[in-house]
Amino acid sequence: MQSIGYYNGKTGPIDQLTVPFTDRGLYFGDGVYDATTAAGGVPFAIDDHIDRFFNSFQAVRIPFAMSKAELRRLICDLCAQVEGDCHMVYWQTTRGCALRGHAFPPEGTSANLLIYISPCQMTPPEQILTLMTAEDIRHHMLNVKTLNLLPNVLTAQLAQENGVDEVVYHRGNLVTEGFHSNIMMIKDGALCSPPADNWILPGITRKHLIQLANKLGIPVKEEAITLDQLFDADEVLVTNSGALCNKVSHIDGKPVGGKAGELVRRLQEAYAQWFNEETRTQTF
């Protein structure tokens, strides 16, 4: 099969599985999620993503009962059942099922787990992206990967209507991230990123690029980036699990970057090698 779904122990075609009417994720977005990409049935960086998932549900006090090893085994078993070269691997937990009430449901209510694996296409590293800026109107727990994504949905639609690939969120003059990506830049030979505080998601791809930069001897700076600095960057980068790392040519219609292509190429090639080696050689 090309795709597969899972909900609380039931497995089957995605379009045939159902979620209970009282799942708190439906009316509160009361849950967290994570996602990665699988190649040849092997999910990439699965341990990093599961670690972040555990940090997320613990931060919002969801009583998820499965261990990291159990969740890892389940996800990998599901990935092994699908056919095709590349898949998105998505999973989420919600605070269980209960009649609508803002406070937590009664003690002992079990968390729900939903997983699905579906075909996807990764953005090739040579694709150049265009961006636009938008004021960041999201909540104050952006380091937690919650289901509360309405502002992201509205911004994604705005980007589509304006013919750009991603949005640079900012709070005042400070850059935060994109609606589904981290934003980084190259300046004076260094890889630069906003710090991993509560204003951005601690992206796995962001983390990996920092590790690769350290390995390659490229200086790394994790500090606040202003919009002015971003427009003056030698290169602007968009990073996420579905694309790894792409350069940007324009922001708000203004040309940016184009001055450190060789450094970006080194990072992209090192990351592609890491991705290919892990997804081809891991066994579970």
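Things to note about the overall build of the chain
Point 1. Within the chain one finds seven helices and 15 strands.
Point 2. In terms of overall size, the chain behaves like a compact globule, its C-alpha atoms giving a radius of gyration of 19 Å where 284 residues would be expected to give roughly 19 Å.
Point 3. Projected onto its principal axes, the C-alpha positions of the chain cover 55 × 45 × 35 Å.
Point 4. Across the 284 residues of the chain, 49% fall into the buried class.
Point 5. As displayed, the chain has an accessible area near 13,500 Å², and 53% of this comes from carbon and sulfur atoms.
Point 6. Positive and negative charge centroids in the chain, built from 23 and 32 side chains respectively, lie 4 Å apart.

A word on the packing of aromatic side chains
Point 1. A complete count under the given rule lists 14 aromatic pairs for this structure.
Point 2. Taking the centre distance of 5.6 Å and the plane angle of 70° together, the rings of Phe53 and Phe57 count as edge-to-face. Of this pair, Phe53 and Phe57 are both found in helix α2 (residues 46–59), four residues apart, which corresponds to roughly one turn of the helix. Phe57 matches Phe53 in its accessibility class, with the two residues each being buried.
Point 3. Aromatic pair Phe53 and Phe64: ring centres 5.4 Å apart, planes at 90°, arrangement edge-to-face.

Let's talk about the pairing of strand β14 (residues 246–251)
Point 1. Of the pairings in the sheet, the one linking strand β7 (residues 129–135) to β14 comprises three bridges and is parallel in character. Paired with Leu131 across the two strands is Ile251, which belongs to β14.
Point 2. The pairing of strand β13 (residues 235–239) with β14 spans two bridges and is classified as antiparallel. Note on β14: the bridge partner recorded for Val238 is Asn246.
Point 3. As consecutive antiparallel partners, β13 and β14 are separated by six residues, and within that stretch Leu244 has a phi angle of approximately 70°, a positive value.
Point 4. Between β14 and the antiparallel strand that follows it, strand β15 (residues 254–255), lie two residues; Asp252 among them carries a positive phi value of about 55°.

Here's the deal with the layout of surface pockets
Point 1. Its volume calculated, the largest pocket comes out at about 800 Å³.
Point 2. Mapped onto the lining of the largest pocket, the elements with two or more residues apiece are β3 (31–39), β5 (86–94), α4 (150–161) and α5 (204–216).
Point 3. Examining the composition of the lining of the largest pocket, we find that four residues originate from one element, β3, more than from any other.
Point 4. Counted by class, the lining of the largest pocket contains 14 nonpolar, 16 polar and four charged residues.
Point 5. Lining the second largest pocket we find 14 residues, and of these Phe28, Gly29, Asp30, Arg95 and Asn148 sit closest to its centre.

A few points about helix α3 (residues 68–79)
Point 1. Helix length check: α3, at 12 residues, gives a terminal C-alpha distance of 16 Å against a target of 16 Å (1.5 Å per residue), a fit within 8%.
Point 2. Residues Leu71, Leu74, Ile75, Cys76, Leu78 and Cys79 constitute the buried set of α3.

Thoughts on the side chain of Asp23
Point 1. By the element assignment, Asp23 lies in the loop between β2 (10–12) and α1 (24–28).
Point 2. Buried and without a salt bridge, Asp23 has Arg24 as its closest oppositely charged side chain, separated by 7.6 Å.
Point 3. Of note is the side chain of Asp23, whose polar atom sits 2.8 Å from the side chain of Tyr7.
Point 4. The contacts of Asp23, once residues within four sequence positions are left out, are Tyr7, Thr94, Gly96, Cys97 and Asn112.

What counts and how
Residues numbered from 1 in each chain as written. Predicted model: local features only at pLDDT ≥ 70, side-chain atom pairs only at ≥ 80, totals over all residues. Heavy atoms only, no water. Helix = DSSP H or I, 4+ residues; strand = E, 2+ residues; numbered from the N terminus. Rg over C-alpha atoms; globule rule 2.2 N^0.38 Å. Buried < 20%, exposed > 50% of the residue type's maximum accessible area, 1.4 Å probe, protein only. Areas by Shrake-Rupley, 256 points an atom, 1.4 Å probe, with all protein chains shown as cover. Lys, Arg positive; Asp, Glu negative; His and termini not counted. Charge placed at Lys NZ, Arg CZ, Asp CG, Glu CD. Phe/Tyr/Trp six-rings, centres within 6.5 Å; stacked < 30°, edge-to-face > 60°. Pairing = 2+ DSSP bridges. 1 Å grid on protein atoms, 1.4 Å probe; cavity = no way out; pocket = protein on both sides within 12 Å on 5 of 7 lines; lining within 4 Å. Points joined across faces, edges and corners; volume = space filled by probe spheres on them. Nonpolar A, V, L, I, M, F, W, Y, C, P; charged D, E, K, R; others polar. Expected span 1.5 Å × (residues − 1). Salt bridge = Lys/Arg side-chain N within 4 Å of Asp/Glu carboxyl O. Polar contact = N/O pair within 3.5 Å; in protein donor to acceptor, adjacent residues only side chain to side chain. Contact = heavy atoms within 4.5 Å.

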